[in-house]
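Here are the chains, one letter per residue:
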Amino acid sequence: MPVENDAALREILGFETVAVVGCSRTPGKAAHDVPDYLRSRGYEVIPVNPNAAEVFGRRAYDTLSAVDVEIDVVCVFRPSDEVAGIVDEALERADVRVIWTQLGIVDDEALERAERDGMTVVRDRCMLVDHQRLYG
């Protein structure tokens with residue numbers, strides 16, 4: 001189902017484990033700053049980046065499929081043309097509840113497929129901005 005209100009965003013932001021696909025090692029980049037912010041707020045952030053062995057001192061997984069711990073939310077920091085493959089990987093897992101695409105990242109067809117399969121989808125929004133707006 002699509003997220004259309006603050007109550008739904010609060011529920012999603014209540015989940016604890018966020019896999020960040022495209023998590024960066026470079027401070028000053030959104031794909032680094034958002035996960036770093038989430039970590040500072042107590043979230044378990046799982047970096048998914050095939051170009052890094054670790055991020056934040058934590059093992060970085062090559063793919064979402066390779067992650068060997070439970071995931072609540074998949075936060076996507078990859079180009080829109082990569083969303084379909086990420087959604088495919090998320091749909092293969094039994095644990096992912098939410099697909100969240102960051103600002104400017106949209107693939108309506110892939111996200112509608114995730115919704116049809118029962119996942120909650122947040123499109124084209126920033127987790128950091130929404131968290132700060134709702135929780136200060």
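Please refer to the structure higher up on the page.
Residues numbered from 1 in each chain as written. Predicted model: local features only at pLDDT ≥ 70, side-chain atom pairs only at ≥ 80, totals over all residues. Heavy atoms only, no water.

J.: Quick rundown of the overall build of the chain? Include the residues and the values.
T.: Regarding its fold elements, the chain presents five helices and seven strands. Order of helices (α) and strands (β) in the chain, N terminus to C terminus: α-β-α-β-β-β-β-α-β-α-β-α. The C-alpha radius of gyration of the chain comes to 13 Å, within 12% of the 14 Å expected for a compact globule of 136 residues. Viewed in the frame of its principal axes, the chain has a C-alpha envelope of about 35 × 35 × 25 Å. When burial is assessed residue by residue, the chain has 49% of its 136 residues classed as buried. Within the chain, residue pairs in contact and separated by at least 24 positions form 63% of the contacts whose partners lie at least 6 positions apart. Total accessible area computed for the chain in this model is approximately 6,700 Å², and 45% of it derives from carbon and sulfur atoms. The chain carries 15 positive and 26 negative side-chain charges, and their two centres are separated by 5 Å. (Helix = DSSP H or I, 4+ residues; strand = E, 2+ residues; numbered from the N terminus. Rg over C-alpha atoms; globule rule 2.2 N^0.38 Å. Buried < 20%, exposed > 50% of the residue type's maximum accessible area, 1.4 Å probe, protein only. Contact = heavy atoms within 4.5 Å. Areas by Shrake-Rupley, 256 points an atom, 1.4 Å probe, with all protein chains shown as cover. Lys, Arg positive; Asp, Glu negative; His and termini not counted. Charge placed at Lys NZ, Arg CZ, Asp CG, Glu CD.)

J.: Break down the packing of helix α1 (residues 6–13) against helix α5 (residues 127–135) for me, citing the residues and quoting the values.
T.: Where α1 meets α5, the closest approach of the two axes is 11 Å, and the angle between their N-to-C directions is 110°. With respect to α5, the element α1 is oriented roughly perpendicular. Between α1 and α5, the residues in contact are Asp6, Leu9, Arg10 and Leu13 and Met127, Asp130, His131, Arg133, Leu134 and Tyr135, respectively. Per-class residue counts for the contact of α1 with α5 are five nonpolar, one polar and four charged. (Axes fitted to C-alpha atoms, helices over the stretch in contact; angles between N-to-C directions. Parallel < 35°, antiparallel > 145°, perpendicular 65-115°, else oblique. Nonpolar A, V, L, I, M, F, W, Y, C, P; charged D, E, K, R; others polar.)

By themselves, these are just geometric observations and shouldn't be taken as functional.
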